[in-house]
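# Coordinate inspection notes
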Amino acid sequence: MKRVAFVLAVFAFFTLNAHHGAGVYDTTAVIDVTGTVTEFQFRNPHVLIFIDAENEAGQSVNWSGELTSRNRLARQIQENRPQWTNDILEPGDTITLTGNPAGNGSPFLRLIRVETSDGTVLIGPDQSPAEEY
Amino acid sequence: MRKYFFFILSFLLIGCGQNTSQNINDAVETVSVDPALEHGADFSGVWTRDNGAGAQAHNSSWSREIPDMTPWAREQFDVHLPTFGARAVAVADTNDPVYECYPPGTPRIYLHPFPMEILQMPGRILMIYEYDGITRNIYTDGREHRDNIGVTWMGDSIGYWDQDVLVVETKNMRDDTWIDREGVPHSEEMTVIERFQLRDENSLWIDIEITDPVALNTPWVTSQAYQKTDWTIEEFKCMDNVNFAAWEDQILEYN
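Please read all numbers here as calculations on a predicted model, not as lab measurements.

### Quick notes on the environment of R108 of chain B
Residue and element names in this part refer to chain B.
- Mapped onto the secondary structure, R108 falls in the loop between α3 (71-79) and β2 (116-121).
- Judged by the 22 C-beta atoms lying within 10 Å of it, R108 is buried.
- In this structure, the C-alpha to C-alpha distance between R108 and M127, residues 19 residues apart in sequence, is 14 Å.
- Ignoring sequence-local partners within four residues, the contact set of R108 consists of T177, W178, I179, D180 and R181.

### What to know about the confidence of the model for chain B
- In the predicted model, chain B carries a mean pLDDT of 87, and 85% of its residues have values of at least 70.
- For this predicted complex, the interface score ipTM comes out at 0.74, while the overall pTM is 0.78.

### Description of the sheet that holds β2 of chain B
All names here are of chain B.
- One closed barrel accounts for nine strands, arranged β1-β2-β3-β4-β5-β6-β7-β8-β9; its pairing is mixed. With direction set aside, neighbouring strand axes in the sheet form an average angle of 30°.
- Bridging between strand β6 (residues 165-171) and strand β7 (residues 191-200) involves five bridges; their strand directions are antiparallel. Note that in β7 the partner of V168 across the bridge is E194.

### Some points on the nonpolar core
- In terms of nonpolar packing, the biggest core is built from 38 residues, with M127, Y129, Y131, I210 and L216 of chain B touching the most fellow members.
- Of all the elements in the fold, those that place two or more residues in this core are β2, β3 (124-129), β4 (135-139), β6, β7, β8 (203-211) and β9 (220-229) of chain B.
- Filtering out sequence-adjacent residues up to four positions away, Y131 of chain B remains in contact with I109, H112, F114 and F236 of chain B.
- Grouped together as the second largest cluster of nonpolar side chains are 26 residues, V24, L89, L97 and F108 of chain A included.

Criteria and thresholds
- Residues numbered from 1 in each chain as written.
- Chains lettered and ligands numbered in written order.
- Predicted model: local features only at pLDDT ≥ 70, side-chain atom pairs only at ≥ 80, totals over all residues.
- Helix = DSSP H or I, 4+ residues; strand = E, 2+ residues; numbered from the N terminus.
- Buried ≥ 20, exposed ≤ 12 C-beta atoms within 10 Å, placed from the backbone.
- Contact = placed C-beta atoms within 7 Å.
- pLDDT = per-residue confidence, 0-100.
- Pairing = 2+ DSSP bridges.
- Axes fitted to C-alpha atoms, helices over the stretch in contact; angles between N-to-C directions.
- Core = buried A, V, L, I, M, F, W, Y, C linked by C-beta atoms within 7 Å.

Spelled out as structure tokens, the structure:
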């Protein structure tokens, strides 16, 4: 259920999130977090996804991640990816979030990629850029 | 956040206290439309930024180098805390007026990555920007600038046709907006000239020249490119940022 892998990576998908410049996230790191959706906010200015994931001590941690705006995701901004709607994710779904972690180590992500448990990539590159080390 | 609510409160109070629409209407001369002025190109449609078209603008500014600023502008630039560029800070630390829901102004509106719709009608071109539902009226009926009603966020725009190029001149803008998203200031003396032209029916190119005798030593010359889409303009309100800021505060305050 859980896989949290840190890696140093330079990744060019940051245009997904145009709201911020820097400061909150560690843009040199990319991690994967797999868990169960607890909440999905399909709204502007940033779509938010909340999941419960187990940490290495076996405790459940609620992670959340931000994507680009509802408007952009609803327009299918990436070829070969589905057009997002307000029911594309539902509580209970198992998904893997990939993104830049918060610089202070808190469970927040600037998302680069979202993959469902059946392997469907909802947004982002075909393969996760997070590599275990 | 408190500042933001005071802003809303003062807006409501001012709105209740007086009705200025009559004065504004009095100031606008009604000009009959000369059909000879109505030619050029058809820019109608919904347009989204074309980052691959070679325009000089990028995500947060009009050029990779900062413009040639006067000491007056440099002093303000130095205390501006943008969220983009080499001097970027976290949203919680910024003093970018847009994060308090002030309109971005002209020409900065083009640096916000949202589509825009252009509607052409006799004597007038209406620009609808998805970002915060901002609109600009560009009058092409031969009228002059309205120099007697003060300054506004998006300015006062008049346009004319240079063959198939639409030339738009905008003046009378408030000086509390930034020219870009990296903190470059301007004065109320700023003039923005936009030249709109179609490279093909689906490609819009806008050359932009920003002059400001108070803030810039030399004009800031740049460009922005758009491609036509089949999208509709959706709602995107700055007010929603308040919800988002609460989420982001949780990151900073996390223990």
